[in-house]
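Below, each chain spelled out in residue letters.
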Amino acid sequence: MNDPEREANPELQRGGRELEAEITKLQRQVFRLENELWQQSIFLSSVLASRSWRLTSPLRALGEYRRKLRPLALLGRRESIKQGHRRIAFGQPVDAHPKVLGTIDAFGPGNKPHPQESLLVVVHVSNSKELDFLRLQLAEIDDHFHLIVTIKQSAASQLSSAILAAWPNAEILEVRSSLGQFASALDGLTTTPVFKYSAILLLNLDEKTNQAGKAIFPPSQLPMLRPLFSKANLMVQALDQVRNIGAICAPEKVHSESTDTEVEDFVEFFLDRLGISLTLGKLSDYTYPAGGIFMCRPWVIQRLLDLRLPEVKWPANSKSKAFDLELIDEALVRLTGILISEGGMKMVTANQVDPNETRCEISPNNEVQVLAIMLPQFHRVKENDEWWGEGYTEWMAVESARPQYNEHRIIKPVEGEQYDLSTPEGLEKQAHLARKYGVDGFIVYHYWFEGRRLLEKPMDVLLKNPQIDLPFALCWANHNWTRSWDGLDSHVLVNQNYPAGWAESFALDLVPYMSDSRYLRVGNRPMLFIFNPPAIPDLAEAMATIRSTILRELTFDVHLVGVHSGTEDDEFLENHVRIFDAMIVFPPAGQSRISNLTPEVAGRNKDFRGRINSYLDVMLNGSIRIKYQQLMTSRDVPIHEAVMSGWDSTPRKGNTSVIFHGSHPVHFRAWLARSVEIEARRNSHPMVVINAWNEWGEGSVIEPSATFGHGFLESVSDIRKR
């Protein structure tokens, strides 16, 4: 019946009002009953935590009563979560917040063992009315979780006691008064180790009004939002197991309509601040979690935190301050959708989360080895002292590098973090980072010139310190040693020659490394990577000699991996591919199309004579070219996926450098996720190679940096986490 018919019938009007009054009365009764249950839960929690509970056995019968109440009890019941004791899950990356690494006695005075919380709930509260609705919604989450409530400093005295009365174990954080609801919730996470959790539920309780000006606050009252809470456990499982789900929203809350210009301006501002380029073209091509209420992966939240909102100087805006805050919040929500999409993920709704769909969509990640190329540089050697000056290491070249155009972001180390790889401490740091973030081992460049080794100290130190848990394999960098970082490629310092008998001598030199228990193997066969196969004369004979020598000395064969670095032509691949047990592509080699951005890049130095390429081209076409894959398949030789974090040779070559513009941990995650999935499905011994761990002189780095923080490592960990 439409509204005019109802208005013309007084009896229907009266009946409608009575029905609305009855509904309101029932809602209040439900609210009151739930409040009583919550109070009982608090009481029982205090009883269970008391000394008398431990000493008086008859009271233990209350445990069964409390168990029956559990489905209706609220967060306040959780005696096991002690404020101030935030334990870190094993292996989760928390380097950005070292203060949380301290250990606590979980069984000490006042502490009881408790399960690790897998869910973090974050909400900004402005008034007591929001607390009422928040309590009702959180009551439906039937598992342990940690609650962070942010409040404005001006409301601290009014709200703190009410929050602690409802949730004694909540963490209350006072935030700046100059941000909106969504931004304030993020502001409260700036010192939180978000990777401690499997998932994060962000709640935006901002009051909204409809076109008639009638309040429709808060959105959590709407039935469509209820699955976010009632299915919370299943959603956490989905985010933890399915790598391509970035966020889970309420039903009908994934939007993609065009946004207004002012919001777009803020989104562009945030993208510029992060240094992220779009692959889809325009902002309206991206979906986002409408309303700012969603559950997501910690990786997504950390990328938002990379904005460092407390440090932002907002661009001028003609609107009022209050409206600016709303624009900023909406822009952050839309940015969330962009980060998810550019990171190679999708958004789903709570109704789409089904037990049958939460299994991992690829082979178990521990079956796919993720290896990173390591440069054994960054320590003092006599050759560098002779060639470039006393005490020279490549850290000096990295620190002195200068931008070549307006948006040029040279990746540089964190101040004070220039390590020495010739020490056990330097190597242990690399091993610790690799273990924590899911890198299975390193492919270390091996510089061998007719029996002369260069940059050999790190591996010698590693062999002498078997306690350092650093799995490794060697990649023979069989090219000339040149003054490449000075741009003088024609100036050869050490020639790579291949005299008679070199192959056996080279193989004998490998024996101490391959005898080490940490050496990476396929089955029982140690892997050996050859960087530049076409440069080796009589390649087949040389590789056969290496095989036979290793077999004679170690009683097992070697697993030879050829590196396709762009120097191989089709004829070489046709004739020599079967020499190897496998091949990898050294990105950016093997790409069918790479855009030259040099003419269109603004603010280039007038003396710049290098080339600026598109990282997005390499990332989007990052899987091995079909031609090479077909060639390897036809010869039963597996070809492994490889990805690169970036490429920028400015530290070595200055104004003649080659730069791949647009590299970012967000795009790197998408490339790595796709490569892991392809590798798992294609090869019996799946392996993905990252170029590189620490090629600072070529801007190919996944180590922590001043430019991207732990972003690249966090992307690896997000793909690899169990």
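Please refer to the structure higher up on the page.
Since we're looking at a predicted model, the values are computed, not measured. (Residues numbered from 1 in each chain as written. Predicted model: local features only at pLDDT ≥ 70, side-chain atom pairs only at ≥ 80, totals over all residues. Heavy atoms only, no water.)

K.L.:
Report on the overall build of the chain, specifying residues and quantitative values.
P.N.:
Of the regular secondary structure elements, the chain holds 24 helices and 25 strands. Across the 722 residues of the chain, 53% fall into the buried class. Contacts spanning at least 24 positions in sequence make up 77% of the contacts within the chain whose residues lie at least 6 apart. Carbon together with sulfur atoms contributes 50% to the accessible area of the chain, which is approximately 31,500 Å² in total. (Helix = DSSP H or I, 4+ residues; strand = E, 2+ residues; numbered from the N terminus. Buried < 20%, exposed > 50% of the residue type's maximum accessible area, 1.4 Å probe, protein only. Contact = heavy atoms within 4.5 Å. Areas by Shrake-Rupley, 256 points an atom, 1.4 Å probe, with all protein chains shown as cover.)

K.L.:
Could you give an account of helix H10 (residues 261–274), naming the residues involved and the relevant values?
P.N.:
Over its 14 residues, H10 runs 20 Å from end to end, which matches the ideal 20 Å to within 8%, given 1.5 Å per residue. All of the buried residues in H10 are Val263, Phe266, Val267, Phe270, Leu271 and Leu274. Seen from one end, H10 has its buried residues packed into an arc of 140°, which puts them on one side. Seen from the buried face of H10, the exposed residues on the opposite side, beyond 90 degrees, are Thr261 and Asp272. Trailing H10 by a residue or two, Gly275 shows a phi angle of about 80°, which is positive. (Expected span 1.5 Å × (residues − 1). Arc of directions from axis to C-beta.)

K.L.:
Quick one: what's the story with the side chain of Arg518, residue by residue and with numbers?
P.N.:
Take Arg518: it is sitting in the loop between helix H17 (502–514) and strand E16 (521–522). The class for Arg518 is buried, based on a relative accessible area of 10%. Apart from residues lying up to four places away in sequence, Arg518 is in contact with Leu462, Leu463, Asn465, Pro466, Ile468, Leu470, Pro471 and Phe472.

K.L.:
Lay out the sheet that holds strand E4 (residues 199–203) with the relevant residues and their values.
P.N.:
Strand order across the open sheet formed by seven strands is E3-E2-E1-E4-E8-E5-E9, with mixed pairing between neighbours. Unpaired on one side and paired on the other, strand E3 (171–175) and strand E9 (346–349) mark the two borders of the sheet. Taken pair by pair, the neighbouring strands of this sheet meet at an average axis angle of 20°, ignoring direction. In this structure, strand E5 (residues 245–249) lies alongside strand E8 (residues 294–296), joined through three bridges in antiparallel fashion. In the strand pairing of E8, Ile248 is matched with Met295. Of the strands in this sheet, strand E1 (119–124), strand E2 (146–152) and E4 touch helix H5 (residues 128–138), which is tilted by about 160° from E1. (Pairing = 2+ DSSP bridges. Axes fitted to C-alpha atoms, helices over the stretch in contact; angles between N-to-C directions.)

K.L.:
Describe the nonpolar core, listing the residues and the values that go with them.
P.N.:
The biggest cluster of nonpolar side chains holds 116 residues, and the ones touching the most others in it are Leu528, Phe529, Met543 and Trp693. Top contributing element to this core by residue count: H17, with eight residues. Setting aside residues up to four positions removed in sequence, Met543 forms contacts with Ile530, Ile536, Leu560, Ile579 and Phe580. If you look at the next biggest cluster of nonpolar residues, it comprises 49 residues, including Leu120, Phe195, Leu202 and Met345. (Core = buried A, V, L, I, M, F, W, Y, C linked by side-chain atoms within 4.5 Å.)

K.L.:
Describe helix H15 (residues 424–437), and please don't skip the residues or the numbers.
P.N.:
Under the 1.5 Å per step criterion, the end-to-end length of H15 is 20 Å for 14 residues, consistent within 8% with the ideal 20 Å. Within H15, burial applies to Gly426, Leu427, Gln430, Ala431, Leu433, Ala434, Lys436 and Tyr437. If you follow the buried residues of H15, they end up packed against strand E10 (369–374), strand E11 (441–449), helix H16 (457–464) and helix H24 (711–720). Just past H15, the residue Gly438 takes up positive phi, approximately 95°.

K.L.:
Give a description of the state of the cysteines that names residues and reports values.
P.N.:
Using the criterion set out here, one finds zero disulfides in the structure. Here Cys249 is not cross-linked by a disulfide; its sulfur's nearest cysteine counterpart is in Cys296, at 9.3 Å. Relative accessible area serves as the criterion here: at 0%, Cys249 is assigned to the buried category. (Disulfide = S-S within 2.5 Å.)

K.L.:
Report on a negative patch on the surface, specifying residues and quantitative values.
P.N.:
On the surface, Asp260, Asp265, Glu268, Asp272 and Glu407 cluster together to form a negatively charged patch. Tracing the backbone shows Glu407 in the loop between helix H14 (394–400) and H15. Judged by relative accessible area, Glu407 falls into the exposed class, the value being 55%. (Patch = residues over 30% accessible without salt bridge, like charges linked within 9 Å, V, L, I, M, F, W, Y side chains within 5 Å. Salt bridge = Lys/Arg side-chain N within 4 Å of Asp/Glu carboxyl O. Lys, Arg positive; Asp, Glu negative; His and termini not counted. Charge placed at Lys NZ, Arg CZ, Asp CG, Glu CD.)

K.L.:
Lay out the pattern of salt bridges in plain terms, naming residues and giving numbers.
P.N.:
Enumeration according to the criterion identifies 29 salt bridges in this entry. Taking the shortest distance from any N to any O, the salt bridge between Arg303 and Glu714 comes out at 2.5 Å. Of this pair, Arg303 sits in helix H11 (residues 298–305) while Glu714 sits in helix H24, placing them 411 residues apart in sequence. When its relative accessible area of 1% is taken as the criterion, Arg303 is described as buried. For Glu714, a relative accessible area of 4% gives the class buried. Across the pair Glu641 and Arg682 runs a salt bridge, and its minimum N-O distance is 3.0 Å. In this pair, Glu641 is assigned in strand E21 (residues 639–644) and Arg682 in helix H23 (residues 665–682), connecting sequence segments 41 residues apart. One network of salt bridges, in which partners are shared, links Glu394, Arg652, Glu695 and Glu698.

K.L.:
How would you sum up the pairing of E11? Please name residues and give values.
P.N.:
With nine of nine residues buried, E11 is to be regarded as a mostly interior element. Of the two faces of E11, both are covered, the one formed by Gly441, Ile443, Tyr445, Tyr447 and Phe449 as well as the one formed by Phe442, Val444, His446 and Trp448. Strand direction decides the pairing type here: E10 and E11, joined by four bridges, are parallel. For Ile373, the partnering residue across the bridge sits in E11 and is Ile443. Bridge count for E11 against strand E12 (residues 452–454) is three bridges, and the pairing is antiparallel. Opposite Tyr447, over in E12, you have Leu454 as the bridge partner.

K.L.:
Lay out the packing of H17 against helix H18 (residues 539–554) with the relevant residues and their values.
P.N.:
Running from N to C, H17 and H18 cross one another at 40°; their axes reach a closest spacing of 9 Å. The angle between H17 and H18 falls in the class oblique. The crossing of H17 and H18 is right-handed. When H17 is examined against H18, the residues Trp502, Ala503, Glu504, Phe506, Ala507, Leu508, Leu510, Val511 and Met514 are found in contact with a partner set consisting of Ala542, Thr545, Ile546, Thr549, Ile550, Arg552, Glu553 and Leu554. Here the residues of the contact of H17 with H18 sort into twelve nonpolar, two polar and three charged. (Parallel < 35°, antiparallel > 145°, perpendicular 65-115°, else oblique. Left-handed = near helix turned anticlockwise from the far one by under 90°. Nonpolar A, V, L, I, M, F, W, Y, C, P; charged D, E, K, R; others polar.)

K.L.:
Before we move on, could you go through the packing of aromatic side chains and cite the residues and values that matter?
P.N.:
Per the stated rule, a full pass over the model turns up 22 aromatic pairs. Judged by centre distance (5.6 Å) and plane angle (55°), the ring pair of Trp395 and Trp696 falls under tilted. Of this pair, Trp395 sits in helix H14 while Trp696 sits in the loop between strand E24 (694–695) and strand E25 (700–701), and the two are 301 residues apart along the sequence. Residue Trp696 is classed as buried on the basis of its relative accessible area of 1%. Consider the rings of Tyr615 and Trp671, whose centres lie 6.0 Å apart with planes at 65°: the pair is edge-to-face. Here Tyr615 is found in helix H20 (residues 615–620), whereas its partner Trp671 is found in helix H23, with 56 residues between them in sequence. (Phe/Tyr/Trp six-rings, centres within 6.5 Å; stacked < 30°, edge-to-face > 60°.)

K.L.:
Account for unusual backbone geometry, naming residues and giving values.
P.N.:
The linkage connecting Pro587 with the following residue, Pro588, adopts the cis geometry, with an omega of 15°. Following the sequence through the fold, Pro588 ends up in the loop between strand E19 (582–585) and strand E20 (611–614). One non-glycine residue, Phe378, lies in the positive phi region at around 65°. With respect to the element layout, Phe378 can be found in the loop between E10 and helix H13 (382–388). The exposure class assigned to Phe378 is buried, which follows from its relative accessible area of 1%. For Leu455, which is not glycine, the phi torsion reads 55° and is therefore positive.

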